[in-house]
Protein chains: 2
Amino acid sequence: MKYIDKLRNSGLRPTKQRLQICEVLFDTEKTFHFTINDLEKKIKKQVSNKISLATIYNTVHAFEKKGYLKQIPINSNQTYFDTNISDHHHFYDLKDEKLIDLEHSDVGPINILKKIDGKKIKSVEVLVKLED
Amino acid sequence: MKYIDKLRNSGLRPTKQRLQICEVLFDTEKTFHFTINDLEKKIKKQVSNKISLATIYNTVHAFEKKGYLKQIPINSNQTYFDTNISDHHHFYDLKDEKLIDLEHSDVGPINILKKIDGKKIKSVEVLVKLED
DNA sequence: TGCTAGTTTATAATGATTCTAAAAAGGTGT
DNA sequence: ACACCTTTTTAGAATCATTATAAACTAGCA
Ligand SMILES: [Mn+2]
Ligand SMILES: [Mn+2]
Ligand SMILES: [Zn+2]
Ligand SMILES: [Zn+2]
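Residues numbered from 1 in each chain as written. Chains lettered and ligands numbered in written order. Predicted model: local features only at pLDDT ≥ 70, side-chain atom pairs only at ≥ 80, totals over all residues. Heavy atoms only, no water.

A few words on the overall build of chain A. Scanning chain A from N- to C-terminus turns up 4 helices and 6 strands. In chain A, the order of α-helices and β-strands from amino to carboxyl end is α-α-β-α-α-β-β-β-β-β. Principal-axis analysis of the C-alpha atoms gives chain A an extent of 50 × 40 × 25 Å. Burial analysis of chain A (132 residues in total) assigns 42% to the buried set. Put simply, of all contacts in chain A between residues at least 6 apart along the chain, 46% involve residues at least 24 apart. For chain A, the exposed surface amounts to about 7,800 Å²; the carbon and sulfur share of it is 48%. When the 23 positive and 19 negative side-chain charges of chain A are each reduced to one mean point, those points stand 9 Å apart. (Helix = DSSP H or I, 4+ residues; strand = E, 2+ residues; numbered from the N terminus. Buried < 20%, exposed > 50% of the residue type's maximum accessible area, 1.4 Å probe, protein only. Contact = heavy atoms within 4.5 Å. Areas by Shrake-Rupley, 256 points an atom, 1.4 Å probe, with all protein chains shown as cover. Lys, Arg positive; Asp, Glu negative; His and termini not counted. Charge placed at Lys NZ, Arg CZ, Asp CG, Glu CD.)

Here we take up the coordination of the zinc ion (ligand 4). Each pair of donors in an ideal four-coordinate tetrahedral metal site encloses 109.5 degrees, whereas pairs in an ideal six-coordinate octahedral site enclose 90 or 180 degrees. All names here are of chain B. Taken together, the protein ligands of the zinc ion (ligand 4) are His 33 (NE2), Asp 82 (OD), His 88 (NE2), His 90 (NE2) and Asp 101 (OD), with distances of 1.9 to 2.3 Å. On the primary sequence, the residues serving as donors to the zinc ion (ligand 4) are separated as H-x48-D-x5-H-x1-H-x10-D. Residue classification places Asp 82 among the buried positions, given a relative accessible area of 1%. By relative accessible area, which is 1% here, His 88 ends up buried. (Donors = N, O, S within 2.8 Å, 3.2 Å for Na, K, Ca; no water.)

Let's shift gears to the interface of chain B and chain A. Listed per partner, the contact involves 40 residues of chain B and 40 residues of chain A. At the boundary of chain B with chain A, total buried surface from both sides reaches about 3,500 Å², with 54% on carbon and sulfur atoms. Contact with chain A buries surface across chain B, with Asn 75, Lys 119 and Glu 131 of chain B losing the most and accounting together for 18% of the total. The shortest N-O distance in the salt bridge between Asp 93 of chain A and Lys 119 of chain B comes to 3.1 Å. Looking at the side of chain B that touches chain A, the elements with two or more residues in it are β2 (70-72), β4 (89-93), β5 (98-102) and β6 (120-131) of chain B. Ranked by residues supplied to the side of chain B that touches chain A, first place goes to β6 of chain B with 12 residues. (Buried area = accessible area lost by both parts, 1.4 Å probe. Salt bridge = Lys/Arg side-chain N within 4 Å of Asp/Glu carboxyl O.)

Moving on: the sheet that holds strand β3 (residues 80-82) of chain A. Read from one edge to the other, the open sheet built from 3 strands follows the order β1-β3-β2 (chain A), with strand pairing classed as antiparallel. Only two strands of the sheet have a single neighbouring strand rather than two, namely β1 (33-34) and β2 (70-72) of chain A. (Pairing = 2+ DSSP bridges.)

Turning next to the pattern of salt bridges. Close approach of charged atoms lets side chains of opposite charge pair. Taken as a whole and judged by the stated rule, the model has 12 salt bridges over all chains. With a shortest N-O distance of 2.9 Å, Lys 119 of chain B and Asp 132 of chain A are connected by a salt bridge. Linking Lys 119 of chain B in the loop between β5 and β6 with Asp 132 of chain A in the segment after β6 (120-131), this pair reaches from one chain into another. Via salt bridges that share partners, Asp 93, Lys 95 and Asp 132 of chain A together with Lys 119 of chain B belong to a single interconnected network.

Residue and element names in this part refer to chain A. Domains assigned within chain A are domain 1 (2-80) and domain 2 (85-130). A C-alpha centroid distance of 23 Å is found between domain 1 and domain 2. Taken together, the contacts link 11 residues of domain 1 with 12 residues of domain 2. Summing both sides of the interface, domain 1 and domain 2 together bury roughly 920 Å²; the carbon and sulfur share of this comes to 60%. A per-residue breakdown of the area domain 1 buries against domain 2 is headed by His 33, Lys 70 and Ile 74, which together make up 52% of the total. Here domain 1 and domain 2 share 0 salt bridges between them. (Domains from an automatic or database assignment.)

Next up, the structure:
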């Protein structure tokens, strides 16, 4: 089905757990931001069998390594992930502790004038903190 | 002396420990980035008496709240702080796990076109990840 | 139907950070 | 200097997200 090839092509065996996690993560109208704790709850709701927490961690890290998920740089006691892997930015609402997507097109072009010898830019991420 | 008024004006008692931590943090030619673990080591080297880890945490958080330190949004198992409290950005060298300042002037003007109702922008921070 | 490497799992370990509550120190007024 | 009250420091315990462990399970393949 839908995710079997995706996983196979990444060198990941399409196990029952991984396919179920794919459904929770990617069978949605909209992309979303989540912590492992959020995802664990979503899985409990949507998946009949139990998936261990260790497997959730393993899978999220495997998917991140393959580029199917992105980590969002933010100061929190929990790591935030994003199913939106496009080149985009974020608002962070300090009061509600919620992330909001900020599309590339919603931010004027960013020009990094400083160069670091022997290094090249891998990504440019903007975090806009919001208050009331 | 130098930091007593600074602390008093913030409503913080100028204790021996706080003054010593001020010296470690602010009596430097250049600003720097650090984790609590980094700071603990620096203090051990530069301060004769012992300062407990709890006090280091308390002090860093107090200074951050007063605006004498900034937290840097980055994904790491440890929280990074910055003695440079100017409005600036960062390179993050993924290999060396080092932060490098990117002055406001080294980044073209950033224009956030999207508005969120009832919220105003508190800060705009750019993180530029570097690879070889 | 085996075989083997990859995967899942319960559980333990790790480690940064926060909490606790008692002792110490700062500030103020006498 | 002293008493008094509040803030701060401190050692140690607790918390909790994350990672490690190692045994059981499974996907893919001969
Ligand atoms: Mn983290
Ligand atoms: Mn943190
Ligand atoms: Zn996003
Ligand atoms: Zn900096």
